Amino acid sequence: MSLRKPSATTTNGHETPGERHEQETMAKYEMTEGHFSLVRNFRLADLVTIANGICGSFSIFMSAKYLVSNDEDYLWSALAFPLAGLFFDFLDGKVARWRNESSMIGQELDSLADLISFGVAPALLAFVVGFRTYLDTVVLTGFICCGLARLARFNATVASIPKDAKGKAHYFEGLPIPSSLGLVAILSYWTKQGWIEGKHGIPWGTLTLWGKAGGDGELHVFSIVFGLWAAAMVSKTLRVPKI
């Protein structure tokens, strides 16, 4: 999650230059007419952020193609695209600082792209490799929703987090959502070893919380890791140093 933050806020009731810049930028979006005025007003950093979202979207579609074709090349593509998304996620913040361009729209774009690439795409990958029971899908849905809440909290509280002289935050509250690539790396290793649905199956097996085996009460043990990861993302007390 790159630090695409809005400019400084008012101080002592007086409008700061950063705030005036924000208002001028938003006015430009509102006053520009035409069907493609939003696209014309995108900055370079915004386009880099959209590339992150494109990578996440391609991962989702490659996962879907694997499900209908069982061609493992599509699965490997689906596993690789979130990593490409991480590259663009790091790059957009650097481009924004290089060009001294930051905006509320850029910040929202960054969060939405992160949700696709590091929330929805990894959860679907987990489903694809074998986390397909009813309770598995409940956990994966919670994983996505916790990522969504994590990003919303980041946008709402980023201004209050201590920063260095360059405006860089000292830490993240909770695990940043791109950390889900750690889970994608595990799924990649399992794929290489053949520990996926249709081959040797998911490691650690399943446990049945109620009913009979194979019913709605069955849960893959490793789904608990996804649940704990989701809880760590929304944690208030877990502080991850920003590198």
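The structure presented is a predicted model; accordingly, all values stated were derived computationally and were not measured. (Residues numbered from 1 in each chain as written. Predicted model: local features only at pLDDT ≥ 70, side-chain atom pairs only at ≥ 80, totals over all residues. Heavy atoms only, no water.)

(A) View of a nonpolar patch on the surface. Where nonpolar side chains cluster on the molecular surface, the patch consists of Leu-44, Leu-47 and Trp-98 and spans about 350 Å² of accessible area. Inspection of the secondary structure puts Leu-47 in helix 3 (residues 44–69). Relative accessible area serves as the criterion here: at 46%, Leu-47 is assigned to the partly exposed category. (Patch = residues over 30% accessible without salt bridge, like charges linked within 9 Å, V, L, I, M, F, W, Y side chains within 5 Å. Areas by Shrake-Rupley, 256 points an atom, 1.4 Å probe, with all protein chains shown as cover. Salt bridge = Lys/Arg side-chain N within 4 Å of Asp/Glu carboxyl O. Helix = DSSP H or I, 4+ residues; strand = E, 2+ residues; numbered from the N terminus. Buried < 20%, exposed > 50% of the residue type's maximum accessible area, 1.4 Å probe, protein only.)

(B) Local environment of helix 4 (residues 72–98). Between the first and last C-alpha of helix 4 there are 40 Å, a value that for 27 residues agrees with the 39 Å anticipated at 1.5 Å per step. All of the buried residues along helix 4 are Leu-75, Ala-78, Leu-79, Pro-82, Gly-85, Leu-86, Asp-89, Asp-92, Gly-93, Val-95 and Ala-96. Where helix 4 is buried, its residues contact helix 3, helix 5 (104–129) and helix 7 (181–193). Capping the start of helix 4, Asp-71 holds a side-chain oxygen 3.0 Å from the backbone nitrogen of Asp-73, two or three residues further along. Of the residues one or two after helix 4, Asn-100 is the one with positive phi, at around 55°. (Expected span 1.5 Å × (residues − 1). Contact = heavy atoms within 4.5 Å. Polar contact = N/O pair within 3.5 Å; in protein donor to acceptor, adjacent residues only side chain to side chain.)

(C) Spotlight on the packing of aromatic side chains. Throughout the structure, instances matching the rule amount to 11 aromatic pairs. For the ring pair Phe-58 and Phe-81, a centre distance of 5.4 Å and an interplane angle of 20° mean the geometry is stacked. Of this pair, Phe-58 sits in helix 3 while Phe-81 is found in helix 4, placing the two residues 23 residues apart along the sequence. Measuring from centroid to centroid gives 5.7 Å for Tyr-189 and Trp-195, while their planes differ by 80°, and the two rings are edge-to-face. Relative accessible area serves as the criterion here: at 45%, Tyr-189 is assigned to the partly exposed category. Taking the relative accessible area as the measure of exposure, Trp-195 reaches 30% and is therefore partly exposed. Taken together, the ring pairs in this structure connect Phe-131, Phe-143, Trp-190, Trp-204, Phe-222 and Phe-226 into an aromatic cluster. The ring of Phe-127 carries the charged tip of Arg-132 above its face, separated from the ring centre by 5.8 Å. (Phe/Tyr/Trp six-rings, centres within 6.5 Å; stacked < 30°, edge-to-face > 60°. Lys NZ or Arg CZ within 6 Å of the ring centre and 35° of its normal.)

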